[in-house]
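# A structural walkthrough
Chain residues, written in single-letter form:
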Amino acid sequence: MSPNGKKPIGQRIKEFIVDYRRQWEIQSMIIPGIIFMIIFCYIPIYGLTIAFKNYTVIDTLATAPWVGLDNFRIILSDKYFWDAVVNTLGISFLKLGIGFVIPIILAIMIYELNSGRFKKFVQTVSYLPHFLSWIVLGGMLITWFSTTGLFNQLLLSLGVISQPQNILLDAGKYWWIATLSDIWKEAGWGTILYLAIMAKIDPTYYEAAKIDGASRLRQIWNITLPNMRSIISLNLILTVSGLLGSNLDQTLVLMNSQNRDKAEVINSYVYRMGMSQGDFSYATAVGLGVSIISVILLVTANKITSKLNDNQSVL
């Protein structure tokens, strides 16, 4: 044992070999996964050098000329990029403020249902939109929000509006449309982890609370939510780390020429610059910058939640 409490490297290697020989059948099952990650996850990292080069389709990664940080300097002065950043943050913060809380509330409501059949029915209905692609859901929304669609016909019949209007053509309403449609699609699926955690809570806690005269809301506040703290913290960390990432499929389906000013997000901007305009170096530089900031947000969120969870890191 070394002075710092760690075993010598030679001893650790011998222990690893002994463990591998004892469980070689199970240990070997991970080898294809490791090979897959090396080929498709780690080797492509070399492609990030495109962000520091002037790359075109007639070049290779080796022959493309180096331009240093020129692509990043262009980003700082690109008005359209910063418009995309504002839209991304606006939509992401709305999803964080509303979409993060709703699955927790929905999971608690489902858990509190007494009827087993009705509980399964509610779960199935809430899960269903998750399994439909944004092509399908986007087509439904476009049809519903058209001037002759269900949304306008309902508002006209209620006397809320006097003339039909397509709100998908209103850029000022797009952030809310993107947020609420994403919640509609993913809220039910987001309850799965919460319901799994609640199923493991010891029922005697609730029985003791009932004996003490605690109301149902008090039981939820003092028993259910504290037992969900770890999974809530984990989901919060992952959500915060993805603030600069937005749903590309949703954006490509719902964005049009009328709402582009508010619908263009970083992912769609990178897609448009890279695939449509062929500026691969610029698109890679934007993607690299966003990835670095996302990692910083991930680490920061983990540090904050570890402080709130008695210095126990969630990740």
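Scroll up a little and you will see the structure.
Below, the structure is looked at part by part.

Reading guide: rules and limits
Residues numbered from 1 in each chain as written. Predicted model: local features only at pLDDT ≥ 70, side-chain atom pairs only at ≥ 80, totals over all residues. Heavy atoms only, no water. Helix = DSSP H or I, 4+ residues; strand = E, 2+ residues; numbered from the N terminus. Salt bridge = Lys/Arg side-chain N within 4 Å of Asp/Glu carboxyl O. Buried < 20%, exposed > 50% of the residue type's maximum accessible area, 1.4 Å probe, protein only. Core = buried A, V, L, I, M, F, W, Y, C linked by side-chain atoms within 4.5 Å. Contact = heavy atoms within 4.5 Å. Arc of directions from axis to C-beta. Phe/Tyr/Trp six-rings, centres within 6.5 Å; stacked < 30°, edge-to-face > 60°. Lys NZ or Arg CZ within 6 Å of the ring centre and 35° of its normal. Polar contact = N/O pair within 3.5 Å; in protein donor to acceptor, adjacent residues only side chain to side chain. 1 Å grid on protein atoms, 1.4 Å probe; cavity = no way out; pocket = protein on both sides within 12 Å on 5 of 7 lines; lining within 4 Å. Points joined across faces, edges and corners; volume = space filled by probe spheres on them. Nonpolar A, V, L, I, M, F, W, Y, C, P; charged D, E, K, R; others polar.

### Section: the environment of Ser181
Position of Ser181 relative to the elements: it lies in helix α10 (residues 174-186). As for Ser181 and Ile237, which are separated by 56 residues in sequence, their C-alpha atoms are 22 Å apart.

### Some words on the pattern of salt bridges
As a working rule, side chains carrying opposite charge can pair if their charged atoms are close by. The full count for this structure, using the stated rule, is nine salt bridges. The salt bridge involving Lys79 is made with Asp83; its shortest N-O contact spans 2.9 Å. Residue Lys79 and its partner Asp83 are both found in helix α5 (residues 79-99); the two are separated by four residues, about one turn of the helix. Owing to a relative accessible area of 31%, Asp83 belongs among the partly exposed residues under this scheme. The network of salt bridges with shared partners includes Arg260, Glu264 and Arg272.

### Comments concerning the nonpolar core
The biggest cluster of nonpolar side chains holds 22 residues, and the ones touching the most others in it are Phe100, Ile104, Tyr194, Leu195, Met198, Met228 and Ile232. Those elements that provide at least two residues to this core are α6 (101-112), α11 (191-199), α12 (203-211), α13 (216-227) and α14 (229-241). If near-sequence neighbours (up to four positions away) are discounted, Leu195 is found in contact with Ala107, Ile110, Tyr111, Gln123 and Tyr127.

### As for α11
Along α11, the positions that sit buried rather than exposed are Thr191, Tyr194, Leu195 and Met198. Here the buried residues of α11 occupy an arc of 100 degrees about the axis, which is enough to place them on one side. Where α11 is buried, its residues meet α6, α7 (116-127), α13 and α14.

### Digging into the packing of aromatic side chains
Within the structure shown, the criterion is met by 12 aromatic pairs. Aromatic side chains Trp144 and Trp184 sit 5.8 Å apart centroid to centroid with 40 degrees between the ring planes, which places their arrangement in the tilted category. With Trp144 in helix α8 (residues 134-144) and Trp184 in helix α10, this residue pair connects regions lying 40 residues apart in the sequence. In textbook terms, an aromatic cluster arises when at least three aromatic residues are bridged by ring pairs, as seen for Phe81, Trp82, Tyr269 and Tyr282. The ring of Tyr80 carries Lys79 above its face, with NZ or CZ at 5.4 Å from the centroid. The ring of Trp175 has Lys262 sitting right over it, with the charged end atom 5.2 Å from the ring centre.

### Quick word on the side chain of Gln250
Among the structural elements, Gln250 can be located in helix α15 (residues 248-254). Engagement of the side chain of Gln250 in a polar contact is seen with the side chain of Lys95, the distance being 3.4 Å. A distance of 2.8 Å separates the side chain of Gln250 from the side chain of Ser181, its partner in a polar contact. When sequence neighbours within four positions are dropped, the list of residues in contact with Gln250 reads Lys95, Trp134, Tyr174, Ala178, Ser181 and Asp182.

### Here's the deal with the layout of surface pockets
Of the volumes computed, that of the largest pocket is approximately 670 Å³. Lining the largest pocket are 21 residues, with Lys95, Gly99, Asp182, Glu186 and Thr239 sitting closest to its centre. Secondary-structure elements contributing two or more residues to the lining of the largest pocket are α5, α10 and α14. Counting residues per element, the lining of the largest pocket draws most heavily on α5, which supplies four residues. Looking at side-chain class alone, the lining of the largest pocket contains nine nonpolar, nine polar and three charged residues. The space that makes up the second largest pocket amounts to roughly 240 Å³. Along the wall of the second largest pocket there are 14 residues; nearest its centre are Ile75, Phe81, Gly289, Val290 and Ile293. At the level of elements, α4 (70-76), α5 and α18 (280-308) are the ones that each hand at least two residues to the lining of the second largest pocket. Counting residues per element, the lining of the second largest pocket draws most heavily on α18, which supplies six residues.

Geometric descriptors of this kind do not, in isolation, establish any biological role.
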